[in-house]
Every structure is written in structure tokens, then in C-alpha cells.
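# Survey of secondary and tertiary structure
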Amino acid sequence: MATETPPPSKSPTQLPSTEEFVAVQESAEFGELRSSYRGFAFPLTVAFIAWYLLYVLLSNYAGDFMGTKLFGNFNVAMALGLGQFLTTFLIAWWYARTAAARFDPKAEAIKSRMEGGA
């Protein structure tokens, strides 16, 4: 037997005005949130792109090095290629963890103030 959920509220939600959006955008709290996000995301993005380009350049111009066997048929190219996948997942995990701890609470506070009209 399924339980029924109440229907969504029919009362219209009050959207913030343009002036309220601009005021929040110019606030120190929003500036701090934006700065901390950029301070985390931009360097990490640049580092990953550099790591990826290094892999591509080594694949194109250092064939002998990339073909160096580490053990069995497993060579440097395979190790670095798997490292690309590993770093992708590690960066996603790290970002999710950091966002949940540092960015989301600040963003939620700003959002609730905007929606609550405070």
C-alpha cells in the first residue's frame, strides 16, 4: 500500500527582485564564496589539463619512453593512461567532499536568505 504525498503548494513563491540579486552579488559573503570556489576549482583544472597534455605529448613525441615495459605487457603508456582515470575519479571525489563541506553550506545560507526575503 503506497502512502500519498501531499500535493505541491499552490501558493506562488516570491522571487527576489533584480536589485536583491545585485545586492547579494555585491555582498562580501558572496564574494568570499566565489573566491573560495575559484581558488579551489581553477588551480585543480589547470593542473589536470597540464597532466593530460603531458600524457598526450609524451604519447606523440616520446614513443620509446611510453613503450618501456614495466612488467609483462604493461608499459609506461598504460600506467599513465590508467593514471588519467584515477586522477579523474580522485578529483571528482575531492571536489564533492570539498563542496559539501565548504561551498554548499555558504551557498545554502545565501539561497535561504534570498528565498526567505531576510
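Residues numbered from 1 in each chain as written. Predicted model: local features only at pLDDT ≥ 70, side-chain atom pairs only at ≥ 80, totals over all residues. Heavy atoms only, no water.

If you check an unreviewed UniProt entry, the protein appears there as DUF485 domain-containing protein from Streptomyces asoensis.

Our next topic: the overall build of the protein. Within the protein one finds 4 helices and 2 strands. For 118 residues, the compact-globule estimate of 2.2 N^0.38 gives 13 Å, and the protein exceeds it by more than 25% at 24 Å. Considering only C-alpha atoms, the protein reaches an extent of 65 × 50 × 20 Å along its principal axes. Residue burial in the protein is summarised as follows: out of 118 residues, 15% are buried. Once local pairs closer than 6 in sequence are excluded, the contacts in the protein between residues at least 24 apart make up 63%. Accessible area for the protein stands at about 9300 Å²; split by element, carbon and sulfur atoms hold 66% of it. For the protein, the distance from the average site of its 9 positive side-chain charges to the average site of its 10 negative ones is 8 Å. (Helix = DSSP H or I, 4+ residues; strand = E, 2+ residues; numbered from the N terminus. Rg over C-alpha atoms; globule rule 2.2 N^0.38 Å. Buried < 20%, exposed > 50% of the residue type's maximum accessible area, 1.4 Å probe, protein only. Contact = heavy atoms within 4.5 Å. Areas by Shrake-Rupley, 256 points an atom, 1.4 Å probe, with all protein chains shown as cover. Lys, Arg positive; Asp, Glu negative; His and termini not counted. Charge placed at Lys NZ, Arg CZ, Asp CG, Glu CD.)

When you line up the elements, Ser-36 lands in helix 2 (residues 28-61). By relative accessible area, which is 16% here, Ser-36 ends up buried. Separated by 3.0 Å, the side chain of Ser-36 and the backbone oxygen of Leu-33 make a polar contact. Those residues within four positions of Ser-36 in sequence are excluded, and the remaining contacts are Arg-102, Phe-103 and Lys-106. (Polar contact = N/O pair within 3.5 Å; in protein donor to acceptor, adjacent residues only side chain to side chain.)

Attention now goes to the packing of helix 2 against helix 4 (residues 76-116). Orientation of helix 2 relative to helix 4, taken along the N-to-C sense of each, is 170 degrees, at an axis distance of 11 Å. Between helix 2 and helix 4, the angle is such that the two are roughly antiparallel. Of the residues assigned to the contact of helix 2 with helix 4, the class counts are 19 nonpolar, 7 polar and 5 charged. (Axes fitted to C-alpha atoms, helices over the stretch in contact; angles between N-to-C directions. Parallel < 35°, antiparallel > 145°, perpendicular 65-115°, else oblique. Nonpolar A, V, L, I, M, F, W, Y, C, P; charged D, E, K, R; others polar.)

Of the residues in the protein, 91% have a pLDDT of 70 or more, and the chain-wide mean is 88. Taken element by element, the predicted model of the protein shows its lowest mean pLDDT in helix 1 (residues 18-25) (86) and its highest in helix 2 (94). (pLDDT = per-residue confidence, 0-100.)

As a further point, take the pattern of salt bridges. Counting across every chain of the model gives 2 salt bridges. When the shortest N-O distance is used, the salt bridge between Arg-113 and Glu-29 registers 2.1 Å. Separated by 84 residues along the polypeptide, Arg-113 in helix 4 and Glu-29 in helix 2 bring together distant segments of the chain. You can call Glu-29 partly exposed: its relative accessible area is 31%. (Salt bridge = Lys/Arg side-chain N within 4 Å of Asp/Glu carboxyl O.)

Among the structural elements, Ser-112 can be located in helix 4. Residue Ser-112 is classed as partly exposed on the basis of its relative accessible area of 41%. Here the side chain of Ser-112 touches Ala-109 through a polar contact of 3.1 Å, landing on its backbone oxygen.

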